[in-house]
Number of protein chains: 2
Amino acid sequence: MLKAIQNLGSSTTTTTTTTTTTGFVASFYRLKPPHATTTSAFVSVSSSLLSYYSPRTRPIKPLLFLTRKTRSLEPVRAQTRSESKMDGTSSSSSVAVHSSGSVRKINFCQWCGGQTKHDIPDGEEKMRAICTVCGKITYQNPKMVVGCLIEHDNKVLLCKRNIQPSFGLWTLPAGYLEIGESAAEGAIRETWEEAHAEVEVVSPFAHLDIPLIGQTYIIFLAKLRKPHFSPGPESLECQLFSLDDIPFDSLAFSSMAVTLKLYIEDVKAGSRKFHYGTINKRYFTMHFLY
Amino acid sequence: MLKAIQNLGSSTTTTTTTTTTTGFVASFYRLKPPHATTTSAFVSVSSSLLSYYSPRTRPIKPLLFLTRKTRSLEPVRAQTRSESKMDGTSSSSSVAVHSSGSVRKINFCQWCGGQTKHDIPDGEEKMRAICTVCGKITYQNPKMVVGCLIEHDNKVLLCKRNIQPSFGLWTLPAGYLEIGESAAEGAIRETWEEAHAEVEVVSPFAHLDIPLIGQTYIIFLAKLRKPHFSPGPESLECQLFSLDDIPFDSLAFSSMAVTLKLYIEDVKAGSRKFHYGTINKRYFTMHFLY
């Protein structure tokens, strides 16, 4: 397995690396910025060659390789709808969409219906779908998935999925952020929809980018307003798990495995940090067009 | 001015409220989660009635009103491309797009070219554009704008815009996150494009949602790898400003004004926190469809 870890931090970072049995490497950066009284954590999860944008050596250059391995994550069996559905269709199949490939799928202008051409517009550096009739460009950008990590009596709430993909596997309640809501509101909504749990957001916990599929996970720590929950239509069951009992061998999404591992580390350390990082998977190839 | 502040924090929060001369109210929440050794800050900026999703009283209920006013933000003159362009077109006009209105603009399927209908699909609660030929749904989701707040010799780097909207006004280097890059990579890229500055990301600094226009700002603290910068094609000039000299009366975007105010507060307090919050503007009406 190729271990390529993006070093986002400074020389003051300390790093630990985690290897899964299903093809990704996680590296957790703890760094303390100059003057800072608080600590943020950087996370990078990768199993493919992680490239890094450098303005001096465009288009890309590979980054730091780390070898220190301290522990193992449990398997994450399935790639998920949330981690695969990039083209906005209602298809539930697991589709890897590269930064250029996604644009190539846009054949028509959604405003006028004209055919599109795929070209790099003047003043830009990236391939776009440009309408040959009205000239409008259909931009595609990463999507945010928002969710809650609910703490209750030293346990966390997980939902067993009642939909494909990853049917029957466990996840934190989460879903796509909608226009018109904040990330926290979206996380609260998704938690209600999937677990019928009324929660209060306590603090932001993790921002995990998955560049290869154009997704960003924003996870909040939350607490139950009332100790009631029950499965929504998309869940088979909902259950509070003590940290020792979290079913890492049947989690639906690698993002959730990373989030829960970070949380367990924070609990053991007696603190809650905000974590930022990147997840890259071996079954994707990375393409930069700029 | 209607002051409606979203209380995302717990009872341990302390709150200060800031009023601008151009129509938004900012409230900054500092909270310390249970067990936390670090502090996160919640921010809410609003001038319209901020409503809050509650699973018990769906669809929405208004939230906490705060009156404590401690200081004033300087004017933010213009709404910006970044804060207005929601429909993916190349138009530079300032367009307010509501959560339903944006869907109504999608007339054709981008995959097959078929006409769309606007309806709530089975199992969903939100209006979508559904192709009447192939059945695919064109989802629209908020977009991320990523940028850098570059610290150098107790100054910060700003760029004067060379493009509309907000031509001639100052901003932090920032732009839309692209598929295939992490938020930090996108922020580094935008900084290079707009300021020809080679930077290293130090830590995440702010996550600011603007739900009414479907945008989320992700701002990183960064430092110059080399003390060189010069305006890119989208900038008239780039300049380091001491904190006392930041041109708050000619900033392009409210999100940047909020970010810089938070930063100044952090510097005065001798710490750097991660901030999360919401910006709402009076010239938008809020619509929830769920």
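Quick note: structure is the one above.
Small disclaimer: the values here were computed from a predicted structure and weren't measured.

(A) Broad picture of the overall build of chain A. Looking only at helices and strands, chain A has three helices and 17 strands in total. Here the contacts in chain A between residues at least 6 apart in sequence split such that 64% fall between residues at least 24 apart. Accessible surface, chain A: about 10000 Å² in total, of which carbon and sulfur atoms supply 49%.

(B) A look at the pairing of strand β10 (residues 143-152) of chain A. All names here are of chain A. Taking burial as the measure, the 10 residues of β10 include nine buried ones, the bulk of the element. The sheet contact formed by β10 and strand β15 (residues 215-224) spans nine bridges and is parallel. Along β15, the bridge assignment pairs Glu151 with Lys223. Inspection of the sheet shows β10 paired to strand β13 (residues 174-176) by three bridges, in the antiparallel sense. In the sheet register, Val146 faces β13, and the bridge partner there is Gly175. As judged from the two bridges shared by β10 and strand β11 (residues 155-161), these two strands associate in the antiparallel manner.

(C) Here's a closer look at the nonpolar core. Counting residues in hydrophobic clusters, the biggest one holds 44 residues, and the most contacted among them are Ile150(A), Val199(A), Phe220(A), Ile150(B), Val199(B) and Phe220(B). Ile150(B) has contacts with Lys155(B), Val156(B), Leu157(B), Pro173(B), Thr191(B), Val199(B), Ala222(B), Lys223(B) and Leu224(B), leaving out every residue within four places of it along the chain.

(D) Fine view of the pattern of salt bridges. Considering all chains together, one arrives at 16 salt bridges over all chains under this definition. Of the charged contacts, one joins Glu193(B) and Arg189(B) as a salt bridge, the two residues approaching to 3.4 Å between their closest N and O atoms. With a gap of four residues between them, Glu193(B) and Arg189(B) both fall in helix α2 (residues 183-195), about one helical turn apart. Look at Glu193(B) and you get partly exposed, because its relative accessible area is 22%. With relative accessibility at 3%, the residue Arg189(B) sits in the buried group. Each of Glu181(A), Arg189(A), Glu190(A) and Glu193(A) takes part in salt bridges that share partners, so that together they form one network.

(E) Structural view of unusual backbone geometry. With an omega dihedral of -10°, the bond running from Gln164(A) to Pro165(A) counts as a cis peptide bond. Positive phi, close to 50°, is recorded for Asp153(B), a residue that is not glycine. Within the fold, Asp153(B) resides in the loop between β10 (143-152) and β11 (155-161). The phi dihedral of Asn154(B) is positive, around 60°, even though this residue is not glycine. Within the secondary structure layout, Asn154(B) lies in the loop between β10 and β11. For Asn154(B), a relative accessible area of 70% translates into the label exposed.

(F) Just the sheet that holds strand β7 (residues 116-119) of chain B, in detail. Residue and element names in this part refer to chain B. Read from one edge of the open sheet, three strands run β7-β8-β9, paired in antiparallel fashion. A strand with exactly one partner marks an edge of an open sheet, and here the two such strands are β7 and β9 (137-138). Where β7 and strand β8 (residues 128-131) come together, four bridges link them in antiparallel fashion. Within β8, the position partnered with Asp119 by the bridge is Arg128.

(G) Spatial organisation of the sheet that holds strand β7 (residues 116-119) of chain A. Sheet architecture is open: three strands sit in the order β7-β8-β9 (chain A), paired in antiparallel fashion. With partners counted over all chains shown, the strands left at the sheet margins are β7 and β9 (137-138) of chain A, one partner each.

(H) Focus on the packing of aromatic side chains. In this structure the tally under the stated criterion is seven aromatic pairs over all chains. Summarising the aromatic geometry, the rings of Phe274(A) and Phe274(B) are spaced 3.7 Å apart at their centres and angled 10° between planes, so their arrangement reads as stacked. Separated into two different chains, Phe274(A) in strand β17 (residues 274-279) and Phe274(B) in strand β17 (residues 274-279) make up a pair that spans both. Considered together, Phe274(A) and Phe274(B) belong to a single accessibility category, that of buried residues. With 5.1 Å between their ring centres and 70° between their planes, Tyr276(A) and Phe220(B) make a pair best called edge-to-face. Placement of the pair is Tyr276(A) in strand β17 and Phe220(B) in strand β15 (residues 215-224), with the two residues belonging to separate chains. The pair Tyr276(A) / Phe220(B) is uniform in exposure class, with both members buried. Sitting over the ring of Tyr176(A), Lys143(A) keeps its end group 5.6 Å from the ring centre.

(I) Helix α3 (residues 254-269) of chain A, seen in detail. Residue and element names in this part refer to chain A. Helix length check: α3, at 16 residues, gives a terminal C-alpha distance of 23 Å against a target of 22 Å (1.5 Å per residue), a fit within 8%. When you tally the buried positions in α3, you get 12 out of 16 residues, the bulk of the element. Of all the residues in α3, the buried ones are Ser254, Ser255, Met256, Ala257, Val258, Thr259, Leu260, Lys261, Leu262, Tyr263, Ile264 and Asp266. Among the residues trailing α3, Gly270 stands out with phi positive, at a value near 75°.

Conventions we followed
Residues numbered from 1 in each chain as written. Chains lettered and ligands numbered in written order. Predicted model: local features only at pLDDT ≥ 70, side-chain atom pairs only at ≥ 80, totals over all residues. Heavy atoms only, no water. Helix = DSSP H or I, 4+ residues; strand = E, 2+ residues; numbered from the N terminus. Contact = heavy atoms within 4.5 Å. Areas by Shrake-Rupley, 256 points an atom, 1.4 Å probe, with all protein chains shown as cover. Buried < 20%, exposed > 50% of the residue type's maximum accessible area, 1.4 Å probe, protein only. Pairing = 2+ DSSP bridges. Core = buried A, V, L, I, M, F, W, Y, C linked by side-chain atoms within 4.5 Å. Salt bridge = Lys/Arg side-chain N within 4 Å of Asp/Glu carboxyl O. Phe/Tyr/Trp six-rings, centres within 6.5 Å; stacked < 30°, edge-to-face > 60°. Lys NZ or Arg CZ within 6 Å of the ring centre and 35° of its normal. Expected span 1.5 Å × (residues − 1).

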